[in-house]
Amino acid sequence: MDEEGKLKKALLKKALGYDANEVVCEYVLDEEGQEKLSKKKVTKKHYSPDISAVKMMFERYYGDDYADIYNMSDEELESERKRLLKILKEEDDGNHKMQT
């Protein structure tokens, strides 16, 4: 994947929100002075959609078609995000049907 593709994927992930595992490890020293894992805690963390990332995606990938995006309220942006998610889901469903 090229740099532009990586950027678009990361920006889309941030714009839509995502879940990630957060791992915390605690180590102790054993008798020989070696570190030994004593506790490991894995927590699933949800990162909410980021409206700034949505704005950046519109500006970068849709240009003048969305020039008035900075005048949109958070509610309008959330509504647009939902509309775009629906379009992406429909496209994704169409791609899965084509592959089978």
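Scroll up for the structure.
Quick look at the structure, then. Keep in mind that what you see is a predicted model, and the values were worked out from it rather than measured.

## Section: the pattern of salt bridges
Throughout the structure, instances matching the rule amount to four salt bridges. Linking Asp 50 and Lys 14 is a salt bridge whose minimum nitrogen-to-oxygen distance equals 3.6 Å. Pair noted here: Asp 50 is in the loop between strand S2 (35-47) and helix H2 (51-62) and Lys 14 is in helix H1 (residues 3-16), with a separation of 36 residues, a long-range link. Residue Asp 50 is classed as partly exposed on the basis of its relative accessible area of 22%. You can call Lys 14 partly exposed: its relative accessible area is 41%. Here Glu 78 and Arg 81 are joined by a salt bridge, their closest N and O atoms 2.7 Å apart. Placement of both Glu 78 and Arg 81 in helix H3 (residues 74-99) is noted, with a separation of three residues, approximately one turn of the helix. The exposure class of Arg 81 is buried, given its relative accessible area of 12%.

## Describing the side chain of Arg 81
Within the local environment of Arg 81, its side chain forms a polar contact with the side chain of Glu 78, the two groups lying 2.7 Å apart. With residues near it in sequence (within four places) discarded, Arg 81 still touches Ala 15, Leu 16, Pro 49 and Val 54.

## Topic: H1
Taking 1.5 Å as the rise per residue, H1 with 14 residues should run 20 Å; its terminal C-alpha atoms sit 20 Å apart, in good agreement. Count one or two residues on from H1 and you reach Gly 17, which has phi positive near 90 degrees.

## A closer look at the nonpolar core
In terms of nonpolar packing, the biggest core is built from eight residues, these being Leu 11, Ala 15, Ile 51, Ala 53, Val 54, Met 57, Phe 58 and Leu 77. Counting only elements with at least two residues in this core, the list comes to H1 and H2. Examining the composition of this core, we find that five residues originate from one element, H2, more than from any other. Sequence-distant contacts of Leu 11, defined by excluding residues within four places in its chain, comprise Ala 53, Met 56, Met 57 and Tyr 61.

Each value, and the rule that gives it
- Residues numbered from 1 in each chain as written.
- Predicted model: local features only at pLDDT ≥ 70, side-chain atom pairs only at ≥ 80, totals over all residues.
- Heavy atoms only, no water.
- Salt bridge = Lys/Arg side-chain N within 4 Å of Asp/Glu carboxyl O.
- Helix = DSSP H or I, 4+ residues; strand = E, 2+ residues; numbered from the N terminus.
- Buried < 20%, exposed > 50% of the residue type's maximum accessible area, 1.4 Å probe, protein only.
- Polar contact = N/O pair within 3.5 Å; in protein donor to acceptor, adjacent residues only side chain to side chain.
- Contact = heavy atoms within 4.5 Å.
- Expected span 1.5 Å × (residues − 1).
- Core = buried A, V, L, I, M, F, W, Y, C linked by side-chain atoms within 4.5 Å.

What is shown is where atoms sit, not what they do.
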